[in-house]
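# Breakdown of the fold
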Amino acid sequence: MARIGVFICWCGENIARTVDCAKVRDAVAKLPGVAHAEDYKYMCSDPGQDKIRKAIKEKNLTGVVVAACSPRMHEPTFRKACEQSGLNPFLCEMTNLREHCSWVHEDREKATAKAIDLIRMMVEKVKRDKPLQVIKVPVTDRALVIGGGIAGIQAALDIANGGKEVILVEKEPSIGGHMAQLSETFPTLDCSQCILTPRMVDVAQHPKIKLMTYSEVEAVDGFVGNFEVTIRKKATSVDWKLCNACCTCMEKCPQKNIPSEFDEGLATRHAIYIPFPQAVPNKAVIDRTVCTKFKTGKCGVCQKVCPAEAINYEMQDELVKEKVGAIVVATGYDVMPCGDIGEYGYGKYKDVIDGLQFERIASASGPTSGEILRPSDHTTPKSVVFIQCVGSRDCAKGIPYCSKICCMYIAKHAMLYKHKVHDGQAYIFYMDVRAAGKGYDEFIRRAVEEDGALYLRGRVSRLYESEGKLIVKGVDTLSNRQVEIDADMVVLATAMQARPHMDKLAQILGISYDQFNFMSEAHPKLRPVETSRAGVFLAGACQAPKDIPDAVAQAGAAASKVLGLFSADELEREPIVATVNENTCVACLYCVNACAYGAIKEKEIRDRKGNLIKTVAEVNPGLCQGCGACVATCRSNSIDLAGYTDEEICAQIAAI
Amino acid sequence: MSTQTEAKEAATNKGTFEPKIIAFVCNWCTYAGADLAGTSRMKYLPNVRIIKLPCTGRIDTHFIIKAFEEGADGVLVSGCHPGDCHYTSGNYHARRRFAMFRELMDFLGLEMDRLQFSWVSAAEGAKWTQVVDDVIKKVQKLGPNKKFAGLKHD
């Protein structure tokens, strides 16, 4: 005979405001099989949990229903409390009264009736729940980090310094990411490359880090602690064991007008190239999409001139399989393509550039060696207009979010410009200045007070070229005046966006992503680096716009989660797995096709003499992920899913 | 009872009929989407009862028949968008199964507005409220499910 305890949480007033908890308690106390019902202000608090522990012992409960918040929030809390009192944790279930009832309804009477219904359904399920034992699986203590920007570099170094092996995969020929392109960094104006390149070298030299650049993740199989990752090593056409970065090939390559990705199109590179002088690894790559040899079959100059004989046109992409226990996603961001914003004349006027292009112009390693020069005629601009929130916070552009870093980097640009062009004037059109961060507001003040940046609160309405000048018409809403500026150069602070095809990567990884293709964290406040898939963590701007300190902090957090995961030899997994009833299974094996994990195999049952009695399907609980696709496919009703059995679900349905 | 008379009855009951809708949702996308609607304090009609499953691929069509048998006035099935399934392909199984099952239910005379399939991701709290309100309003127009309720033999 079932003896179920029901515990109704007020959640302060989050639930109690809309749901009459006392009425719910009295109603569910009368349900058949309910031996105990009580309500309390905060069930998740220690005294609340104590009530559950006490009731289990005193009333000898066989199951527990906690009607509170989402099980995504506190199911582990309450299951642990039950376990402490000797009740199998899988005999404890939650009814979601907060997210699915009190927060979304206003009518108290109807919400209360719904709460009673929801609890009744769950009571019927718990009555039929079976005690389950957690499954223990071994852990491969080796991590994969996807993306070699500052977040990926930091995560890889932190994990490797913790003594665990790391594979760092980067799709470009070199690690470094966007940070390698920056000139100086806010709010201290450190030179970006000076602080980044030593870390890049650390990665290359670390005995625990296996660096795989010019590579992409193609597939991820398995589960937490036991992933098998397929990585495509793209053909570089250069044997990196032989290449010594002498650059002779580049000097002779006839294809020399390819816009450089690293210099954001402000300079050119060759078809065979090293992305930038401090690249790690410092090895050449042939861009096959533009190389004459690959397009026409004629050329082959680089092969002839290479003193190390490293050029290999026959090289093929290679698929490498690696076993890892955890994955850190650190794929970073892109800036919004300026072509999407026609109104500011980007692409039409050469001297309208985006923020990353300004970084390259200001950078000592950039196309102008750090001298601020206009792209059109290489003269020094005497007045520069910076436009903030280009794309960002603009629902018409489909980007309602704030890109977070632009206020700061535009102030930095204005300062760098003034430091190099002393008689120049920077104008900044802004909506709001958002400078929340250590030393950030002081930095903005410095730009205004010491470097004379002129902030104009308003939008730019029109931008056109006239007699070599860019005429910027806008409004200053604080003085309520129209403004017209004859600018020599215009810098657009375009929105930060997710990298293209991030939805595809999220699908490969089996993690959630939002409508902007940023990766979703498991909980916005309490689990900011975890994802919906156990063992997959996030770092940096792949999750949301972030600056360098935030990206580095999150990378460290992700690394500590990975190291925590690796600290045990075995992992505990929820025993939500499918089982086959061998008596009724007819070995049609439809389930084998339904299983996405290859967890089901044919099994022969033989007698002692070795004669075949029958063939059945068999589930490998180590591989089974508990989706239940096989259960719904089974024609003879011979497979069931622990925790979500047909009986349990039908009982819930019948209780409406 | 014919659909017409039922519809008439529904019209008379207009405003008072509170249907019960069972929603079979997957744990990873739609359940989380419904959670998001909650944390964002979006409002929707209270007639829906969620049953959480690991994946829409777990939904045996007999759950839906059972729901109508037990007196549910409408059934909503919702999971991850195509391509986003936490279990790679469970929602594709569900979609195929559902396409066939819908035709069968249509043949059996179920009003198709009582049975809805949708994709709601973990980021789509607002869509969840729309889908739920939409189904409830459609079912309210149809009136109570009398055709299938009570078919169950004891």
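Before going into details, it helps to say that this report is about the structure given with it. (Residues numbered from 1 in each chain as written. Chains lettered and ligands numbered in written order. Predicted model: local features only at pLDDT ≥ 70, side-chain atom pairs only at ≥ 80, totals over all residues. Heavy atoms only, no water.)

### Here's the deal with the overall build of chain B
Quick reminder of the rule: Only runs of H or I of at least four residues qualify as helices and only runs of E of at least two qualify as strands under DSSP, and these elements are numbered from the N terminus. Residue exposure (1.4 Å probe, protein chains only): buried if accessible area is under 20% of the type maximum, exposed if over 50%, otherwise partly exposed. Contacts are residue-level and defined by heavy atoms, with any inter-residue pair within 4.5 Å sufficient. Here the accessible surface of atoms and residues is derived via Shrake-Rupley with a 1.4 Å probe, and residues count as covered only by protein chains that are part of the display.
Per the secondary structure count, chain B includes five helices and four strands. Across the 154 residues in chain B, those meeting the buried criterion constitute 60%. Sequence-distant contacts in chain B: of pairs separated by 6 or more residues, those separated by 24 or more amount to 82%. Accessible surface, chain B: about 6,400 Å² in total, of which carbon and sulfur atoms supply 56%.

### So, the interface of chain A and chain B
Spelled out, the test is: Using a 1.4 Å probe, buried area is obtained as the accessible area two parts lose upon being combined, added over both of them. We count a salt bridge whenever a side-chain nitrogen from Lys or Arg sits within 4 Å of a carboxyl oxygen from Asp or Glu. By the criterion applied in these results, polar contacts are pairs of N or O atoms within 3.5 Å in which, for protein atoms, one can donate a hydrogen and the other can accept it, and in which residues neighboring in sequence qualify only through two side-chain atoms.
With 49 residues of chain A at the interface, the matching set in chain B holds 48 residues. Roughly 4,100 Å² of surface becomes buried between chain A and chain B when both sides are summed, with 58% attributable to carbon and sulfur atoms. On inspection of chain A and its partner chain B, the count reaches five salt bridges. For Asp646 of chain A, the salt bridge identified is with Arg58 of chain B, shortest N-O distance 2.6 Å. The interface formed by chain A and chain B contains 20 residue pairs in polar contact (both at pLDDT 80 or more). Elements with a minimum of two residues in the side of chain A that touches chain B: helix H3 (71-84), helix H4 (98-102), helix H5 (108-128), helix H16 (590-594), helix H17 (629-633), strand E34 (639-641) and helix H18 (646-654) of chain A.

### Looking at the sheet that holds strand E1 (residues 4-9) of chain A
Residues and elements named next belong to chain A. Basically, it comes down to this: Pairing between strands requires that DSSP locate at least two bridges from one strand to the other. To obtain each axis, a line is fitted to C-alpha atoms, and for helices this fit is confined to the stretch in contact; angles are then taken between N-to-C directions over 0 to 180 degrees.
Taken together, the four strands give an open sheet; going across it, the order is E2-E1-E3-E4, and neighbouring strands pair in parallel fashion. The open sheet terminates on both sides in strands that have one partner only, identified here as strand E2 (34-40) and strand E4 (92-96). For this sheet, the mean angle separating the axes of adjacent strands, direction not counted, is 15°. Bridge count between E1 and strand E3 (residues 63-68): five bridges; the pairing is parallel. For Gly5, the partnering residue across the bridge sits in E3 and is Val64. Of the strands in this sheet, E1 and E2 are in contact with helix H1 (residues 21-29), which crosses E2 at around 175°.

### A closer look at the pattern of salt bridges
Residues and elements named next belong to chain A. A complete count under the given rule lists 58 salt bridges over all chains for this structure. Taking the shortest distance from any N to any O, the salt bridge between Lys164 and Asp141 comes out at 3.1 Å. Separated by 23 residues along the polypeptide, Lys164 in the loop between helix H6 (150-161) and strand E7 (165-169) and Asp141 in the loop between strand E5 (135-138) and strand E6 (142-146) bring together distant segments of the chain.

### Points about the packing of H6 of chain A against helix H15 (residues 548-566) of chain A
All names here are of chain A. Going by this rule: The sense of a crossing depends on the near helix, which, turned anticlockwise from the far helix by less than a right angle, makes the crossing left-handed and, turned clockwise, makes it right-handed. Any residue that is not Ala, Val, Leu, Ile, Met, Phe, Trp, Tyr, Cys, Pro, Asp, Glu, Lys or Arg is counted as polar, Gly included; the first ten are nonpolar and the last four charged.
Where H6 contacts H15, the axes come no closer than 8 Å and their chain directions differ by 35°. Relative to H15, the crossing made by H6 is right-handed. Of H15, the residues touching H6 (which contributes Ile150, Ala151, Gln154, Ala155, Asp158 and Ile159) are Ile548, Ala551, Val552, Ala555, Gly556, Ala559, Val562 and Leu563. When grouped by side-chain class, the residues that make up the contact of H6 with H15 number eleven nonpolar, two polar and one charged.

### As for H6 of chain A
All names here are of chain A. Convention followed: Expected span of a helix: the number of residues minus one, times 1.5 Å.
The end-to-end C-alpha distance of H6, which contains twelve residues, comes to 16 Å, matching closely the 16 Å that a straight helix rising 1.5 Å per residue would cover. H6 sits mainly inside the fold: ten of its twelve residues count as buried. Residues of H6 that are buried: Ile150, Ala151, Gly152, Ile153, Gln154, Ala155, Ala156, Leu157, Ile159 and Ala160. Where H6 is buried, its residues meet E6, E7, helix H7 (192-205), strand E10 (209-212), strand E18 (326-329) and H15. Downstream of H6 by a residue or two, Gly163 has a phi angle that is positive, lying close to 95°.

### A closer look at the environment of Lys171 of chain A
All names here are of chain A. In this structure, Lys171 sits in the loop between E7 and strand E8 (184-185). Relative accessible area serves as the criterion here: at 34%, Lys171 is assigned to the partly exposed category. Taking C-alpha positions, Lys171 is 35 Å from Ile444, a pair spaced 273 residues apart along the chain. Residues in contact with Lys171, not counting those within four places in the same chain, are Tyr214, Ser215, Glu216, Lys234 and Arg499.

### Description of the side chain of Ser532 of chain A
Tracing the backbone shows Ser532 of chain A in the loop between helix H14 (502-509) and strand E29 (536-538). A polar contact of 3.2 Å, which involves the side chain of Ser532 of chain A, links it to the side chain of Ser512 of chain A. Excluding its chain neighbours within four sequence positions, the residues that come into contact with Ser532 of chain A are Gly510, Ile511 and Ser512 of chain A together with Trp28 and His86 of chain B.

### Looking at the side chain of Gln652 of chain A
In this structure, Gln652 of chain A sits in helix H18. The exposure class of Gln652 of chain A is buried, given its relative accessible area of 4%. Contacts of Gln652 of chain A, omitting those with residues within four sequence positions, involve Met121, Met122 and Lys125 of chain A together with Ile51 of chain B.

### With respect to the state of the cysteines
Here is the rule: Disulfides are defined as pairs of cysteine sulfur atoms found within 2.5 Å of each other.
For the structure shown, the criterion picks out two disulfides over all chains. Disulfide partner of Cys191 of chain A: Cys194 of chain A, at an S-S distance of 2.4 Å. On the sign convention where negative is left-handed, the bridge of Cys191 of chain A and Cys194 of chain A, at about 85° about the S-S bond, is right-handed. Residue Cys191 of chain A is classed as partly exposed on the basis of its relative accessible area of 26%. Disulfide pairing is shown between Cys29 of chain B and Cys80 of chain B; the S-S distance is 2.3 Å. Residues Cys29 of chain B and Cys80 of chain B are joined by a disulfide whose S-S torsion is about 100°; by sign, that bridge is right-handed.

### Remarks on the sheet that holds strand E12 (residues 226-233) of chain A
Residues and elements named next belong to chain A. Read across the sheet, three strands follow the order E11-E12-E17 without closing on themselves; strand pairing throughout is antiparallel. What marks the edges here is a single partner per strand, and that holds for strand E11 (215-223) and strand E17 (318-324). Here the average twist between neighbouring strands, direction ignored, is 20°. Relative to E12, E11 runs antiparallel, the two being bridged by eight bridges. Among the inter-strand pairings, Phe223 is bridged to a residue of E12, identified as Asn226.

### Let's talk about empty space enclosed by the protein
For clarity, the threshold we go by: Residues are said to line a cavity or pocket when one of their atoms sits within 4 Å of a point; the points come from a 1 Å grid over protein atoms alone, cavities being sets where a 1.4 Å probe fits but cannot get out and pockets being open sets with protein on both sides within 12 Å along at least five of seven lines. Grid points are joined across faces, edges and corners, and a volume is the space filled by probe spheres set on the points.
Applying the stated criterion across every chain yields a total of eight cavities of 30 Å³ or more. Of the voids in this model, the largest cavity is the one considered here, and its volume is about 130 Å³. Lining the largest cavity are 15 residues, with Ile511, Ser512 and Tyr513 of chain A together with Cys29 and Asp84 of chain B sitting closest to its centre. Its residues assigned to classes, the lining of the largest cavity comprises seven nonpolar, seven polar and one charged.

Worth remembering: the numbers are spatial, not functional.
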